[in-house]
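Below are the chains, spelled out letter by letter.
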Amino acid sequence: MNKPCLFCEIVAGRIDADIVYQDDQVTAFHDIHPQAPVHVLVIPNRHIPTMLDLEPEDAPLIGHMHVTAKHLAHELGIADNGYRSIFNCGTAAGQTVWHIHLHIMGGRSMGWPPWPGN
Ligand code: 5GP
Ligand code: ZN
């Protein structure tokens, strides 16, 4: 049997996470290895392995993830100073969990471009 997807397990409540928001489409929780003072992940409740798997009908879902990120940025106190939102797609981009997730990071200054390092 295939190993269950970690993020599907979090959505289903079978693996613990520090969930900050959940509705019928998305779940948001604190990253277990935060790279900024605030680092949350917004994920679709439905399993989508990578951004390359998106279909045209997924556009409202992706929009909803970003609008959720905006609400959370206000709630978590990172809206005023600014925050970064990132989807890593594929190995070279640093994707390690194969269920799409929007990283929301804030609470510190970040360099651009995000290389070398982060
Ligand atoms: P990626 O590298 O795929 O863009 O991001 C995966 C993120 O998931 C990483 O930032 C990693 O710290 C986070 N992560 C991995 N496993 C867990 C877990 O079990 N719980 C939580 N909350 N975050 C996780
Ligand atoms: Zn999944």
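Scroll up to find the structure.
These numbers were taken from a predicted model, which means no experiment stands behind them. Position numbers for residues count from 1 along each chain, tracking the sequence in the order it is written. Working convention: letters from A go to chains and numbers from 1 go to ligands, in the order in which they are written. Per-residue local features are limited, in this predicted model, to residues with pLDDT of at least 70; the limit for side-chain atom pairs, both in listing and counting, is 80 or more; totals at the level of whole chains, interfaces and linings are taken over all residues. Based on all heavy atoms of the structure, the side-chain values leave hydrogens and waters out of the count.

Trainee: Quick question: what am I supposed to make of the coordination of the zinc ion (ligand 2) here?
Mentor: Six octahedral donors at a metal ideally form angles of 90 or 180 degrees, and four tetrahedral donors ideally form angles of 109.5 degrees. Here a donor is any nitrogen, oxygen or sulfur atom (N, O, S) within 2.8 Å of the metal, with 3.2 Å used for Na, K and Ca; water is not among the atoms considered, so some sites may look incomplete. For the zinc ion (ligand 2), the full set of protein donor atoms is Cys5 (SG), Cys8 (SG), His47 (ND1) and His99 (ND1), at a range of 2.0 to 2.3 Å. Donor angles set the geometry label: tetrahedral for four donors if every angle is between 85 and 135 degrees, square planar for four and octahedral for six if opposite donors exceed 155 degrees and the others are between 65 and 115, irregular for anything else. One way to put it: the four donor atoms around the zinc ion (ligand 2) meet at angles of 106 to 119 degrees, and that makes the site tetrahedral. Each donor residue of the zinc ion (ligand 2) lies on one chain, and together they are spaced C-x2-C-x38-H-x51-H. Here His47 lies in the loop between strand S3 (38–44) and helix H2 (59–75) and Cys5 lies in the segment before helix H1 (6–12), a separation of 42 residues in the sequence. Note on classification: 1.4 Å probe, protein chains only; a residue is buried when its accessible area is under 20% of the maximum for its type, exposed when over 50%, partly exposed between these limits. The class for Cys5 is buried, based on a relative accessible area of 18%. Helix and strand assignments come from DSSP, with helices taken as H or I runs of at least 4 residues and strands as E runs of at least 2, each series counted from the N terminus.

Trainee: Explain the site of ligand 1 to me, please; I cannot follow it from the model alone.
Mentor: Only heavy atoms are used to decide nearness, and a residue is near a molecule or strand if one of them lies within 4 Å of it. The environment of ligand 1 is made up of 15 residues, and the closest members are Asp31, Asn88, Gly94, Thr96 and His103. One of the side-chain N or O atoms of Asp31 is found 2.5 Å from an oxygen atom in ligand 1. In the analysis that follows, any N or O atom pair within 3.5 Å is treated as a polar contact, provided that within protein one partner can donate a hydrogen and the other can accept it, and provided that, for residues neighboring in sequence, both atoms belong to side chains. Here His103 contributes a side-chain N or O atom positioned 2.8 Å from an oxygen atom of ligand 1. When isolated, ligand 1 has an accessible area of 520 Å², and the protein chains bury 83% of it. Among the elements of the structure, H1 and strand S2 (26–30) are those that each provide at least two residues to the shell around ligand 1. Split into classes, the residues belonging to the shell around ligand 1 amount to six nonpolar, eight polar and one charged. In this description, accessible areas are obtained by the Shrake-Rupley approach with a 1.4 Å probe, and a residue is regarded as covered only by the protein chains that are shown. Amino acids are sorted into nonpolar (Ala, Val, Leu, Ile, Met, Phe, Trp, Tyr, Cys and Pro), charged (Asp, Glu, Lys and Arg) and polar (every other residue, Gly among them).

Trainee: Whenever I open this one, the packing of aromatic side chains confuses me. Can you help?
Mentor: Two numbers describe a pair of aromatic rings. These are the distance of the centres and the angle of the planes. Each Phe, Tyr or Trp ring, with Trp reduced to its six-membered ring, pairs with another whose centre is within 6.5 Å; inter-plane angles below 30 degrees give stacked pairs, above 60 give edge-to-face pairs, and intermediate values give tilted ones. Summed over all chains, the structure comprises one aromatic pair. Geometrically, the ring pair formed by Phe7 and Phe29 is edge-to-face, given 5.3 Å between the ring centres and 75 degrees between the ring planes. Linking Phe7 in helix H1 with Phe29 in strand S2, this pair joins segments that are 22 residues apart in sequence. With respect to class, Phe7 is no different from Phe29; both count as buried.

Trainee: I keep staring at the pattern of salt bridges and nothing clicks. Help me out?
Mentor: We define a salt bridge as a side-chain nitrogen of Lys or Arg found within 4 Å of a carboxyl oxygen belonging to Asp or Glu. A complete count under the given rule lists two salt bridges for this structure. Between Arg14 and Glu9 there is a salt bridge whose closest N-O contact spans 3.0 Å. Accessibility expressed as a relative area gives 60% for Arg14, which makes it exposed. Asp58 serves as the salt-bridge partner of Arg46, at 2.6 Å between the closest nitrogen and oxygen. Linking Arg46 in the loop between S3 and H2 with Asp58 in the loop between S3 and H2, this pair joins segments that are twelve residues apart in sequence.

Trainee: Could you clarify how one ought to interpret the pairing of S2 in this entry?
Mentor: Regular strands have side chains that alternate between both faces of the sheet. Burial within S2 is extensive, with four of its five residues counted as buried. Paired strands, as defined in this entry, are two strands with at least two bridges between them according to DSSP. As paired strands, strand S1 (residues 19–22) and S2 are joined by three bridges and run antiparallel to one another. Each residue of the ladder has a partner; that of Gln22, found in S2, is Thr27. Note: S2 against S3, five bridges, orientation antiparallel. Each bridged residue has a counterpart across the sheet, and for Thr27 the counterpart in S3 is Ile43.

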